[in-house]
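Fold and geometry: a report
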Amino acid sequence: MTMNKKKLLVSLIAGLLACVMLFVLLLQLVPTKAEAATSSEIKNQIDKMEEEQGALQDQLDALEDQRRENLESIQEIVDQKNLVDEQISILNDQIDNMNAQISAYAVLIADKQAELDKAKSDLEEMKQKHMERLRTMEEEGQLSYWYVLFEASSFTDLLDRLNMIQEIAAADQRRIEEMNVASEAVQEAQENLFAEQSELQSNRQKLAAKQKEMDMKAEESSELLSKLIAKGEEFDAWMDEKEEGLAALEEEILNMEAEYDRVKYEEWLATSVPPTTSSSSSSGSGSVSGTIYKGGTALTANTVNGITWLTPCSYNRISSTFGMRYHPIYHYDKMHNGIDLAVDHTPIYASRGGVVVISGWDDSAGYWVIIDHGDGFRTVYMHMCKRPYVSRGDFVGAGTELGCVGSTGASTGNHLHFGVQLYNANLGKFEYVNPLLYIKN
């Protein structure tokens, strides 16, 4: 292959690649219409979110179990800390008692010391007097007992002098011995008290060491308690986070369920032709009446602004109209948010097609049903004779049998209380309007 052919081939390949890239770029720039999700796809999403909801709830339950265990551990630590505090309190009482004993012993020792000092003083005084007496005798040259004896004037006087000398000597000796005994006793008592004081001081030091140990334990217990409490707060934070996530998921599920109901209703409308669908001649504003039959029952069909309404049951008379009235049960003026169609047990039919949003029991309404028609209107059916034939979430067509006329709830006789609600966008809620604006009397 020549050089020119190679260059031509490379140029062709490069041009082809450029075209492909330009085509891909143009495809990315062309807007594509996203297909709306079907009810089955939305239901699958709801199922997945409910599974996620269950998993989050399991996590919450596990955290709750851990939190309970943590609280039990905290309580154990609190009990342990209280026990340590009681022990410390007892030790403090013992220390105070020991201090009081030491103080009492100190007072006793001081008293004994005073007695000892006095005894020593008395002994010293006696010694001084005795020494003075001896010194005087020496100075006078009368120290010798023989001198005293030779001075006797008679034998009787001699005996008296001998007895006197013996008594003086014995008295001196007794005084000296008594003082020695007293001094030894006081000294011994003082030594005993000093020993007891030393023992008490040793016990006091031991108690102080024990108290220090208890203080350390209490501090350790408090630190552990703080950690456990912090752990509990951490668990609470986790639970709050999980609960917030669960609440957000629940709200998302509710929104998805509402979307599911809407899409399901649209799918139902696309595949169903209600028996009261208005003809082309009855479209537009104004009101057009007619009659249809449901199960042999003649029902009036009234088309208002292109919407066909069925009278929900055959009836004998309207026993109570829309507006303020004196309530026959509560006995005061009260707003009557509908009309009462008086008749005995007869079938009740859906005035229009829609989604059943309430089906069950209410103390005032008795057995009742509310149908949302998806265009801002709702219809209300009260005082049914028994449990309704439809359930919440059911899609019903116009003329579907809902139940039978009765007198359940706050009712004084068989009748159907029929109400019409219209959504007020300014107030953000449904309000009752006069049903006779939509069905024929």
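One structure accompanies this document, and this report is about it. (Residues numbered from 1 in each chain as written. Predicted model: local features only at pLDDT ≥ 70, side-chain atom pairs only at ≥ 80, totals over all residues. Heavy atoms only, no water.)

With that settled, the discussion passes to the nonpolar core. V369, I371, Y381, L402 and L416 are the most contacted members of the largest nonpolar core, which totals 24 residues. Looking at this core, the elements that each hand over two or more residues are β7 (339–342), β10 (366–372), β11 (377–384) and β14 (415–424). Ranked by size, the runner-up nonpolar core spans 13 residues in total, among them L63, F235, L249 and M256. (Core = buried A, V, L, I, M, F, W, Y, C linked by side-chain atoms within 4.5 Å. Buried < 20%, exposed > 50% of the residue type's maximum accessible area, 1.4 Å probe, protein only. Helix = DSSP H or I, 4+ residues; strand = E, 2+ residues; numbered from the N terminus.)

Counting through the fold element by element, T308 comes out in strand β3 (residues 307–310). There is a polar contact of 2.9 Å between the side chain of T308 and the side chain of T303. (Polar contact = N/O pair within 3.5 Å; in protein donor to acceptor, adjacent residues only side chain to side chain.)

This part takes up the environment of R352. For R352, the location among the structural elements is in the loop between β8 (347–349) and β9 (354–362). As a C-alpha pair, R352 and P312 span 40 residues in sequence and 9.0 Å in three-dimensional space. With residues near it in sequence (within four places) discarded, R352 still touches I307, T308, W309, I371, H373, D375, F377, Y381, G397 and A398. One polar contact links R352 to D375, side chain to side chain, over a distance of 2.7 Å. (Contact = heavy atoms within 4.5 Å.)

This part is about a negative patch on the surface. Taken together, E69, E72, E76 and D79 make up a surface patch of like negative charges. Locating E69 in the fold gives a position in helix α2 (residues 39–140). (Patch = residues over 30% accessible without salt bridge, like charges linked within 9 Å, V, L, I, M, F, W, Y side chains within 5 Å. Areas by Shrake-Rupley, 256 points an atom, 1.4 Å probe, with all protein chains shown as cover. Salt bridge = Lys/Arg side-chain N within 4 Å of Asp/Glu carboxyl O. Lys, Arg positive; Asp, Glu negative; His and termini not counted. Charge placed at Lys NZ, Arg CZ, Asp CG, Glu CD.)

So, on to the environment of V396. With respect to the helices and strands, V396 occurs in strand β12 (residues 395–396). Remark: the alpha-carbon pair of V396 and G354, spanning 42 residues in sequence, is separated by 5.6 Å.

Right, let's talk about the pattern of salt bridges for a bit. Counting across every chain of the model gives two salt bridges. Residue R352 pairs with D375 through a salt bridge whose shortest N-O separation is 2.7 Å. On the criterion of sequence distance, the pair formed by R352 in the loop between β8 and β9 and D375 in the loop between β10 and β11 is long-range, its members being 23 residues apart. Take R352: its relative accessible area is 9%, and that puts it in the buried class. Of the residues examined, D375 reaches a relative accessible area of 36% and is grouped as partly exposed.

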